[in-house]
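The chain contents come next:
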Amino acid sequence: MRIALFTETYLPHINGVVTHVKSLKDGLEAMGHTVLVVTANSKTRKHYIKENVLYCPAHKISKRLYGFDLAPAVSRTRLRFLRDFNPDIIHIHNEFGIGLSGIGIAKILRVPLVYTLHTMYDEYIYYVAPAPLVGITTRISHRYFRIFAKSADEVTGPSLKCEMYLKETGLDKPVSVVPNPVELDAFSPEKITEEDKRAFREKFQIAPDEMIAIFVGRLGREKSVDVLLRNWAAEMKPGDRIRLVVIGDGPEKENLEALAAGLGIADTVVFTGRVEHSDLPPYIASGDVYVTASLSDTNSISMLEGMAAGLPVLQLYDELNKDQVRDGINGFIFRDAAEMAAKLRRLKGMDEEQLRILKASVRQSVKNSGAQNLANYINTIYTRILSDEKPENAKKRPLARLLKVKKEQE
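Computed from a prediction, not measured in an experiment: that's the story for all the values here. (Residues numbered from 1 in each chain as written. Predicted model: local features only at pLDDT ≥ 70, side-chain atom pairs only at ≥ 80, totals over all residues. Heavy atoms only, no water.)

### Observations concerning the packing of helix 3 (residues 97-109) against helix 4 (residues 134-151)
Step number 1: For the pair helix 3 and helix 4, the least separation of the axes is 11 Å and the interaxial angle reads 35°. Judged by the sense of rotation from one axis to the other, the crossing of helix 3 with helix 4 is left-handed. From helix 3, G99, L100 and I103 reach across to helix 4, where they touch Y144, I147, F148 and S151.
Step number 2: Considering only residue class, the contact of helix 3 with helix 4 consists of five nonpolar, two polar and no charged. (Axes fitted to C-alpha atoms, helices over the stretch in contact; angles between N-to-C directions. Helix = DSSP H or I, 4+ residues; strand = E, 2+ residues; numbered from the N terminus. Left-handed = near helix turned anticlockwise from the far one by under 90°. Contact = heavy atoms within 4.5 Å. Nonpolar A, V, L, I, M, F, W, Y, C, P; charged D, E, K, R; others polar.)

### Remarks on the environment of I89
Step number 1: Note that I89 resides in strand 7 (residues 89-92).
Step number 2: Expressed as a C-alpha distance, the spacing of I89 and L109, which sit 20 residues apart in the sequence, is 9.7 Å.
Step number 3: If we skip the residues at most four places from it in the chain, I89 touches R2, I3, A4, P112, V114, Y382 and I385.

### Some words on empty space enclosed by the protein
Step number 1: What the rule picks out here adds up to two cavities of 30 Å³ or more.
Step number 2: Taken as a whole, the largest cavity encloses approximately 50 Å³ of empty space.
Step number 3: Among the residues forming the lining of the largest cavity, the class breakdown is one nonpolar, six polar and two charged.
Step number 4: In this model, the second largest cavity occupies a volume close to 30 Å³.
Step number 5: Classifying every residue of the lining of the second largest cavity by side-chain character gives four nonpolar, one polar and two charged. (1 Å grid on protein atoms, 1.4 Å probe; cavity = no way out; pocket = protein on both sides within 12 Å on 5 of 7 lines; lining within 4 Å. Points joined across faces, edges and corners; volume = space filled by probe spheres on them.)

### Overview of the pairing of strand 4 (residues 53-57)
Step number 1: Burial runs high along strand 4: five of the five residues are buried.
Step number 2: Along strand 4, one buried face is formed by V53, Y55 and P57 and the opposite face, lined by L54 and C56, is buried too.
Step number 3: Sheet topology note: the strand 2 (residues 34-41)/strand 4 ladder contains five bridges and is parallel. Bridge pairing in strand 4 places T39 opposite Y55.
Step number 4: Pairing between strand 3 (residues 48-50) and strand 4: three bridges, direction antiparallel. For I49, the partnering residue across the bridge sits in strand 4 and is L54.
Step number 5: Hairpin connection, strand 3 to strand 4: the antiparallel pair is bridged by two residues, and E51 has positive phi, about 50°. (Buried < 20%, exposed > 50% of the residue type's maximum accessible area, 1.4 Å probe, protein only. Pairing = 2+ DSSP bridges.)

### Side note on the sheet that holds strand 14 (residues 289-292)
Step number 1: The parallel open sheet is built from six strands, whose spatial order is 13-12-11-14-15-16. Edge positions in the open sheet fall to strand 13 (269-273) and strand 16 (331-334), since each of these has one partner strand only. Sheet twist, expressed as the average angle between the axes of neighbouring strands with direction ignored, equals 25°.
Step number 2: The sheet contact formed by strand 11 (residues 211-216) and strand 12 (residues 242-247) spans six bridges and is parallel. The partner of A213 across the bridge, within strand 12, is L244.
Step number 3: Sheet strands touched by helix 7 (residues 225-235): strand 11, strand 12, strand 13, strand 14 and strand 16. Its angle to strand 12, the strand with the most contacts, is close to 165°.

### Quick word on the confidence of the model for the chain
Step number 1: Chain-level statistics for the chain give a pLDDT mean of 90 and a share of 92% at 70 or above.
Step number 2: Confidence over residues 389-410 falls short of pLDDT 50; this stretch has 27 contacts with residues more than four positions distant or in other chains. (pLDDT = per-residue confidence, 0-100.)

### Description of the environment of A186
Step number 1: Turning to its location among the elements, A186 is positioned in the loop between strand 10 (176-177) and helix 6 (194-203).
Step number 2: Here the alpha-carbon distance between A186 and P281, two residues 95 residues apart in the chain, equals 6.9 Å.

### Describing unusual backbone geometry
Step number 1: Cis geometry is found at the peptide bond from L11 to P12, where omega equals 15°.
Step number 2: In this fold, P12 is placed in the loop between strand 1 (2-6) and helix 1 (16-30).
Step number 3: One non-glycine residue, N86, adopts positive backbone phi at about 60°.
Step number 4: At Q205, a position not held by glycine, the phi torsion is positive, near 55°.
Step number 5: On the secondary structure map, Q205 appears in the loop between helix 6 and strand 11.
Step number 6: Judged by relative accessible area, Q205 falls into the exposed class, the value being 65%.

### Section: helix 13 (residues 371-387)
Step number 1: Between the first and last C-alpha of helix 13 there are 24 Å, a value that for 17 residues agrees with the 24 Å anticipated at 1.5 Å per step.
Step number 2: Among the residues making up helix 13, those that are buried are L374, A375, I378, N379, I381, Y382, I385 and L386. Looking straight down helix 13, one finds that the buried residues subtend no more than 165° of arc, so they occupy a single side. (Expected span 1.5 Å × (residues − 1). Arc of directions from axis to C-beta.)

### Structural notes on the sheet that holds strand 9 (residues 154-157)
Step number 1: Taken in spatial order, the eight strands line up as 3-4-2-1-7-8-9-10 in an open sheet, and their pairing is mixed. Two strands in the sheet have a free side with no partner beyond their single neighbour: strand 3 and strand 10.
Step number 2: Two elements, strand 8 (residues 113-116) and strand 9, share three bridges in a ladder whose sense is parallel. Bridge pairing links T116 to T156 in strand 9.

### Topic: the nonpolar core
Step number 1: Among the nonpolar cores identified, the biggest contains 58 residues, and L229, W232, L244 and L344 are the most heavily contacted of them.
Step number 2: For L244, the contacting residues outside a window of four places in its chain are A213, L228, L229, W232, T268, V269, V270 and V291.
Step number 3: By size, the runner-up hydrophobic cluster in this structure holds 36 residues, among which are I103, I105, M120 and Y121. (Core = buried A, V, L, I, M, F, W, Y, C linked by side-chain atoms within 4.5 Å.)

This is how it looks when you write it as structure tokens:
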């Protein structure tokens, strides 16, 4: 198959969508498919292809919105590049200029469209609207984001939260749950030495007998790091010998540092600042547990990276993500500050054999979360769509394309 993946942001930028698209591209290419990534780039003034990535001219927009570059939704040049590529399927991963162009190009070329919903946008309204306008802005955004799901032959998402979000926008459309990928090999604990871990503790002045609870992510309000800090202040004691290490940067970093100081817990909380993704494995492997209170994530890739390193997860209870962390199998659930503190102390009190068994169970729980597994999931969806020869679907694509699919199946 020839597959075009549309994403607003791509390497060298790093976020959950980029990691997902890169893993999908790698997995599909390993299966023998030809993949073209279509992305926006504010550093170029013309469309060009390099290493199977089509870079489209764009404008830089606010860093508060994850540093996205915004490309125009309509471009004859982009359409020409896609005609030349001749995709069998178009798969969009974002909802702005590049995503909109994916919808339009799929219609013009009469090829099937798959849409992956990665983000619960209601959690991000505060970036663009003052508090009095949140209600009306949310309603407008719902109408806008419905366009993508309504245009797609199939919608996928990393968790059941995606289907819930579509229902909140007023669209009752099923979502195929496809778990997020993780670079299992890159985060393997075998690749991190004891010297790496000692260096991490020395850098941040963490004693050998202190347990490390790690959170990784962009420091925006939607990640609820403030909840972790307030819980920490309410229940954790210096005598517990447990440090909270917050890895990442973002618009709330200074506010969170001030909050920690105001709560009197600055000596038990470490803010590392931004860490390049390539430098992240030893940071994560130096931890003992991954902790999160975020309810905006659908299937956090940072959390999966922690699990790939063997870190059990301590997660605030989330009904729609409740199957991601199984209590006592790959982590623990907490509902309030007291329960969070109790389970941290329980982990700290485990002996070496108990920890070894738990960490092995954690890694086992994500063993099928690699790039190839993601590609297999998505390839099944592509194949089903392309082989669906119902009359109403056959009208959407040229006869030659259907004959091509039949020939491949034979």
